[in-house]
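This is what each chain is made of:
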Protein chains: 4
Amino acid sequence: MRITAVGGYEEVGRNMTAIKIGGDTIIVEMGIRLDRVMVHEDTDISKMGKSELASKGIIPDDSVVRGDVKAIILTHGHLDHIGAVTILAKKYKNAPIIGTRFTTELIKKEQNFGRLKNPVHTLDTGDILQITPEIGIEFVRMTHSIPHTAMLVVHTKEGKLVYANDFKLDDTPVIGEPPDYRRIKELGSEGIKCMIVETTRVLDGGRTPSEKIAEILVRDNLKKSDPEKGLIVTTFSSQIARIKSITEAASAIGRTPVLLGRSMEKYVGLAEKTEILNLPEDAHLYGAPDAIRKSLKTISDDGREKYLLIVTGHQGEPDALLSKISLRKLAYKIKKDDQVIFSATVIPNPINVANRYSLETKLRLQGARIFKDVHVSGHAYREDHSDLLKMLQPEKIIPCHGDLKMLTSYVELAEDHGYQFNRDIFLLRNGQSVTT
Amino acid sequence: MRITAVGGYEEVGRNMTAIKIGGDTIIVEMGIRLDRVMVHEDTDISKMGKSELASKGIIPDDSVVRGDVKAIILTHGHLDHIGAVTILAKKYKNAPIIGTRFTTELIKKEQNFGRLKNPVHTLDTGDILQITPEIGIEFVRMTHSIPHTAMLVVHTKEGKLVYANDFKLDDTPVIGEPPDYRRIKELGSEGIKCMIVETTRVLDGGRTPSEKIAEILVRDNLKKSDPEKGLIVTTFSSQIARIKSITEAASAIGRTPVLLGRSMEKYVGLAEKTEILNLPEDAHLYGAPDAIRKSLKTISDDGREKYLLIVTGHQGEPDALLSKISLRKLAYKIKKDDQVIFSATVIPNPINVANRYSLETKLRLQGARIFKDVHVSGHAYREDHSDLLKMLQPEKIIPCHGDLKMLTSYVELAEDHGYQFNRDIFLLRNGQSVTT
Amino acid sequence: MRITAVGGYEEVGRNMTAIKIGGDTIIVEMGIRLDRVMVHEDTDISKMGKSELASKGIIPDDSVVRGDVKAIILTHGHLDHIGAVTILAKKYKNAPIIGTRFTTELIKKEQNFGRLKNPVHTLDTGDILQITPEIGIEFVRMTHSIPHTAMLVVHTKEGKLVYANDFKLDDTPVIGEPPDYRRIKELGSEGIKCMIVETTRVLDGGRTPSEKIAEILVRDNLKKSDPEKGLIVTTFSSQIARIKSITEAASAIGRTPVLLGRSMEKYVGLAEKTEILNLPEDAHLYGAPDAIRKSLKTISDDGREKYLLIVTGHQGEPDALLSKISLRKLAYKIKKDDQVIFSATVIPNPINVANRYSLETKLRLQGARIFKDVHVSGHAYREDHSDLLKMLQPEKIIPCHGDLKMLTSYVELAEDHGYQFNRDIFLLRNGQSVTT
Amino acid sequence: MRITAVGGYEEVGRNMTAIKIGGDTIIVEMGIRLDRVMVHEDTDISKMGKSELASKGIIPDDSVVRGDVKAIILTHGHLDHIGAVTILAKKYKNAPIIGTRFTTELIKKEQNFGRLKNPVHTLDTGDILQITPEIGIEFVRMTHSIPHTAMLVVHTKEGKLVYANDFKLDDTPVIGEPPDYRRIKELGSEGIKCMIVETTRVLDGGRTPSEKIAEILVRDNLKKSDPEKGLIVTTFSSQIARIKSITEAASAIGRTPVLLGRSMEKYVGLAEKTEILNLPEDAHLYGAPDAIRKSLKTISDDGREKYLLIVTGHQGEPDALLSKISLRKLAYKIKKDDQVIFSATVIPNPINVANRYSLETKLRLQGARIFKDVHVSGHAYREDHSDLLKMLQPEKIIPCHGDLKMLTSYVELAEDHGYQFNRDIFLLRNGQSVTT
């Protein structure tokens, strides 16, 4: 079994791993690196070719992939895991794209736009699919910050490989069920040859708080909000559990939830269609610029105190709705003591920090009250990693989805569990391979 | 009405304020400054005289107090509010010490040791006590991180003064009831001449999470703990709500809670006596060194996996129990994968940071898994301050209990609400007075 | 004497102070706030009216100025001290603008463009000018990071006021002479009624290193540079002493210095014209886009190893030359191991941090070696402030040019010297006045 | 050639490397880890056995050393390189200890105390010594922060190994000569099989400033000092170049330099004996407690303004002289405006931070003015590392003397130079080996 680190082994972002068993290969994820897109904002990404995108570090460089690619597997729908599919998958045109339902529905949207020709298959968690006579794949139910996140198990004659990127261990996840601990422990007792594991938040001690905590924080903050003033919440559009908590809390305080923004419509619309989410009856959801403009006019005319706006723009992205509101060019203008809740952390990149700073400065100059970090992370902290490690007890470990600081922090964690660097746990750089 | 900043106006700690109406004065709080005690650890505090303690910045310098002191009022039982009573109160020997029940019971312990001669009176929240014909005091129910915390209202002919130091606005406080919002709003509508307000956490944006959140964090972490290994939680001895959450969570996972440490016995014992807390039937509580030693021996012999230890030492204090355990001189020695949960933050002082670093390093070298920050703050964050300000709408404000960075951050907050520096909101240095 | 804080008393930037003696007023500085310009980058500053610029916090709000304005005095040529002159001075059209030579030459450039009608007078350091029979002004030689910086003394019947904003105490300033300590001490012994003093770097302990140190750092780094690769230095265009050090070091290693950028031409050209700086004979200086483009083509063709480029863009400003080079749209493209030296610190604002991050990321992706912080500050550190305080011993102090954290840090410093808050040292907010 | 990482490959401190060629082994360094000593301050280090010291992480665990140890080589005299010699060397009792003069003189002091039986040989830089017919060693002149620091070259039939730990590239080192660049480049052109290189400051960008800069900073600060007040400088006792700068600056301002402290006498005394340093004629140097006490009495009686004290205690070590002065138990007590200059950085460890905080708080409470960071580092910054790499161009690299963050930062640096992780550059954990 030869594992090739294609992308995401030197950074947070552009995840891609190739696993070659005999002559056959399966690819896991095809993600982009959003912080690099931002650095090159002055150039038009959509006009760049594949090699330029790779050389700028925006997408993985898949020239290192060997073997006959039999499948492209996606474990969940975040862009750093699926964002390069439309660019990279065409090279492997016979390889089906396989994911859980929410993920494949997202991919099918791209297919509908004609950006993708590969066949797309949905695989439920709990099921095993035989890719070749030698290779079977299984999705194990896992929790993260987007619906239908799976932990991947690759079954081969040489043993099982587990791919846990991304995950948290949430026993009260608001939407969906907790991780399938029974199966995870079963896998551990059957024996795991190798685990590839994310490291994004391994530097944080202890355990990640449950999404349930975020639900309470949202509810408590909304309950305490000033009922006579405007109220805006911004969060990740794909964080459907959070959207649920916010819309329910809106109803509890007698405000009509209005969800606005292009990606809000994309993800929340899909969540409704797939029956993951049932928005309250009175909720509104608009993604098209005209519909948004009209809705904001209505809200502004009718009385902003009757509504709760759920909008895009939590990172201060200049083209997202909250930034546009801060420019005062829409009907809904911030008034003194309007409340803006960031149900998100700043993703720690200087450009996000600057965008958020600009946005918050403008909002404050216009009189807004700002509430930050009404949020919990979707990634495992250090001791969640310990728990997974103890359940699975893999023979070998390859940490991924982090910079060297994160990857090596995982090495130290594994050492505490008796693993030895360069014998049981390996650091790969993008482009490197290891045979186990 | 002349307000004199005696202590706590340049620092976090040693709170003391004198309020003079006509010729009569009431003193609010007599606290010590723990970080200064630590700086001078090489000297014996108990042997220092009052003036040396004041010159070293450990206690307030009360030489600036004017007028006939009619009462010493304590709003809650933390040492930075009551720790200097035994040193300073004797000068005002006729002045009664007045507090809510939990606070006066703490004071009475000192009285029993003969360290204090002043009369001690208990005043319930909701009641008003007439100190002189001109001065009435009222305790309003407030939430913080110790039972029976009160917001003080001083009623005078010249108007009402509110003293809100310390507080948080917790609607689900685990023990006791939420703040008396009805009375607070009533006071606001009656008109407040002046508010003295703490600023310890005003630099934190948004609102402080409820103690309910800490309860869930504690429960979730305990549920996920390894049932075969040792389990130790350390927290503030006077944080009775937290103690309740921890002991209940212990029972839920089938472990016997054992509370150990001198101050643990002092505060928890008092909480039981005053019926604020009912420990589970199987719980144990020991404060004397011999009893602790014996209990640790029993636990160690009987099987550590049956017990949950709740111990002193969350700041890494060298003489607290957790530090002693880390020295391996007691029967209970840390074993590989024993779990230590810090249900506390590090109070941000270099000496605490170093003590915690030493403690954690030792625990880790012995194989412990460490879980930090399973905690929420007991102090109002920025937007809680906004909420209180909107409810009370005082004419004048004097921020206290903070360094200049905190105090001035409150000034900026008040400016957002229309207050003007040096006209409506004043900065005092220790020793300075303002007449309103 | 009535001192009004117009701008710069809540922030670093947009300095402006009004001093009213009897019915006459002198204004000191008319600066802009560059970080606020950046926050509103999406709007066109040049099209905003005065009141919008003030409400967005970009320029001072001069509606609080009282009295008959007799003069506008500028102590040095930085934009946060003179950048709003073209917007604000017209209201006081009879008031002459007074500064030292380098400053008035900068102002005259604006005059030539017709943006300014006020008369402009140059006053040398050491001289006293009688503005009215009651008001004399004197410039005392001071060191900072732009030529001809002066400390202002206002002579009145009521006593002397000193205005020290900005300054450092540099005994080996590379260009020009050290501060006029003799006169400063003399003023101290004559008695100073009030001092207005900057606080930008008072949070830094100790004393600011001399510009001489920067000269050696520049020289040592250039000596060690790879002679076969490209070499670019970026620094503040108005930091003429630094420019001198860099060009001389270029000559010492046999490279031709080429200074490029619009503001580089403006400030360096003026420094040459005023004979403050004599560039080496072989140096080139270009500011016009075409000339720059042509020069870069020549350098690229002729061999980049023969040249040292001195360019604008040390803060990563998107429209400055270094950012443009990083976009690879000019003839000079970064090659592997080209060297880029930042002879500047990042001005600590999230937008600068992000711009520098973007710039450095691009440069690194193109193979550049980056050398940062080859720099010393132009502002007094804490103990320089102590030294000035001891020399001048003013009766009253008003700290300025800082946020509350900086201003209050100065208060604490002054307290160490026996000053008392609210009695001898005062905090003003923009718009507030104090009478002394 | 088999390289075994014994100590210093997971931390800053306890350096030790074994190099086995055929059946013969040479050991390089035997250091201790001072931060671990501090963590266990409550236990008596001198009474611990070797294995306890190793298990607590204080000394390297040399049980992994294989082969017949033929020599113990020390590259310079810092404790993290030689501090465990008295504990570890006895196991290899026939192996001579080899170092440059200043280092072997330090070792001979231990020999005189009977703590060491191994033979001690001095080898000058520039010379090659044949340890066995197969192994020759050479010391190349290098700069660091202690006299006679060498870069080690091991000559074998299989090729040359370079050991550069610690170093900076200082062309104006105040004492001694710059690195032997001629020989370094010659080695590079001859071909280097493997380089072991320190990484302590590789996270800092650019190049380390020269010790010459520290000399100027010291001189400028002393020139500006208040001649009527006390003046104390504290620095590293083994930093002889700094001591030279300080004592010369003392003379220049007419103060008598008095060097005080046990380790001050040890290192400075040795520097005088070995003619590395000639103290000014009027200088005093005392190490014995009684002599120090007497000297402080004399200074205090005679007038502190006549003296400059150079003392131990720059990290706030509780038992060093400066801490003792701060306790006011010696004749020399801090008076208002006495000046204390820290010609050192705080070594970034929470215990040092706390010790310094305690010390500075006490000094400030007593009225001292404090000047910090009058200092430059003795370790190579990132671009110095680039320079050495370009000169030596080793085939393989093993970074050492750092935590994983530092080591991996060096990996990234080497990648910029074309090295590939796991092929050309290797991370070892303590106890691991690599064969090249």
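These numbers come from a predicted model, not from an experiment.

*Asks:* Before we go on, may I ask you to explain the pairing of strand S2 (residues 16–21) of chain D in this structure?
*Replies:* Consecutive residues of a regular strand have side chains that alternate between opposite faces of the sheet. Residue and element names in this part refer to chain D. The buried fraction of S2 is high, at five of six residues. Relative to S2, strand S1 (residues 2–7) runs antiparallel, the two being bridged by five bridges. Its bridge partner lying in S2, Gly 7 is registered against Met 16. Inspection of the sheet shows S2 paired to strand S3 (residues 24–28) by five bridges, in the antiparallel sense. For Thr 17, the partnering residue across the bridge sits in S3 and is Val 28. If you look at the hairpin formed by S2 and S3, you'll find two residues sitting between the two strands, and Gly 22 has a positive phi there, around 60 degrees.

*Asks:* What is the right way to look at the packing of aromatic side chains in this model?
*Replies:* For any pair of aromatic rings, the description rests on two quantities: the centre-to-centre distance and the angle between the ring planes. Enumeration according to the criterion identifies zero aromatic pairs over all chains in this entry. The positively charged end of Arg115(C) is found above the aromatic ring belonging to Phe113(C), 4.5 Å away from the centroid.

*Asks:* Explain the relation of the copies chain B and chain A here, please?
*Replies:* There are two copies of the chain, and a rotation about an axis plus a shift along that axis relates them. Of the two same-sequence chains, chain B is brought onto chain A (RMSD 0.0 Å, axial shift 0.0 Å) by a rotation of 180 degrees. Viewed as a symmetry operation, the transformation between the two copies matches a two-fold axis. When C-alpha distances to the rotation axis are compared across chain B, the minimum falls at Ile213(B), with a value of 3.4 Å.

*Asks:* Would you explain the environment of Val340(A) in this entry?
*Replies:* Residues and elements named next belong to chain A. When you line up the elements, Val 340 lands in strand S16 (residues 339–343). According to the relative accessible area criterion, Val 340 is buried, its value standing at 0%. Considered as a pair, Val 340 and Arg 364 are 24 residues apart in the sequence and their alpha carbons are 9.9 Å apart. When near neighbours in sequence (up to four residues on either side) are disregarded, Val 340 contacts Ile 232, Leu 322, Ile 334, Leu 363, Ala 368, Arg 369, Ile 370 and Phe 371.

*Asks:* I would appreciate a short explanation of the side chain of Thr208(C) in the present structure.
*Replies:* Residues and elements named next belong to chain C. Here Thr 208 shows up in the loop between strand S11 (194–198) and helix H7 (211–223). Looking at Thr 208, the relative accessible area reads 7%, which means it is buried. Looking at Thr 208, its side chain comes within polar contact range of the main-chain nitrogen of Tyr 381, at 2.9 Å.

*Asks:* Explanation requested: the interface of chain C and chain D in the structure shown.
*Replies:* You'll often see interface size given as the accessible area lost when the parts meet. In this assembly, 27 residues from chain C lie in contact with 27 residues from chain D. Note on chain C versus chain D: buried area summed over both sides is about 2,300 Å², and carbon and sulfur give 43% of it. With a shortest N-O distance of 2.6 Å, Arg369(D) and Glu383(C) are connected by a salt bridge. Joining chain C to chain D, the criterion identifies 16 residue pairs in polar contact (both at pLDDT 80 or more). Those elements that place two or more of their residues in the side of chain C that touches chain D are H7, strand S17 (369–371) and helix H13 (382–392) of chain C. Its residues assigned to classes, the side of chain C that touches chain D shows eight nonpolar, five polar and 14 charged.

Conventions we followed
- Residues numbered from 1 in each chain as written.
- Chains lettered and ligands numbered in written order.
- Predicted model: local features only at pLDDT ≥ 70, side-chain atom pairs only at ≥ 80, totals over all residues.
- Heavy atoms only, no water.
- Buried < 20%, exposed > 50% of the residue type's maximum accessible area, 1.4 Å probe, protein only.
- Helix = DSSP H or I, 4+ residues; strand = E, 2+ residues; numbered from the N terminus.
- Pairing = 2+ DSSP bridges.
- Phe/Tyr/Trp six-rings, centres within 6.5 Å; stacked < 30°, edge-to-face > 60°.
- Lys NZ or Arg CZ within 6 Å of the ring centre and 35° of its normal.
- Least-squares fit on C-alpha atoms with pLDDT ≥ 70 in both.
- Contact = heavy atoms within 4.5 Å.
- Polar contact = N/O pair within 3.5 Å; in protein donor to acceptor, adjacent residues only side chain to side chain.
- Buried area = accessible area lost by both parts, 1.4 Å probe.
- Salt bridge = Lys/Arg side-chain N within 4 Å of Asp/Glu carboxyl O.
- Nonpolar A, V, L, I, M, F, W, Y, C, P; charged D, E, K, R; others polar.

These values are about where atoms sit, not about what they do.
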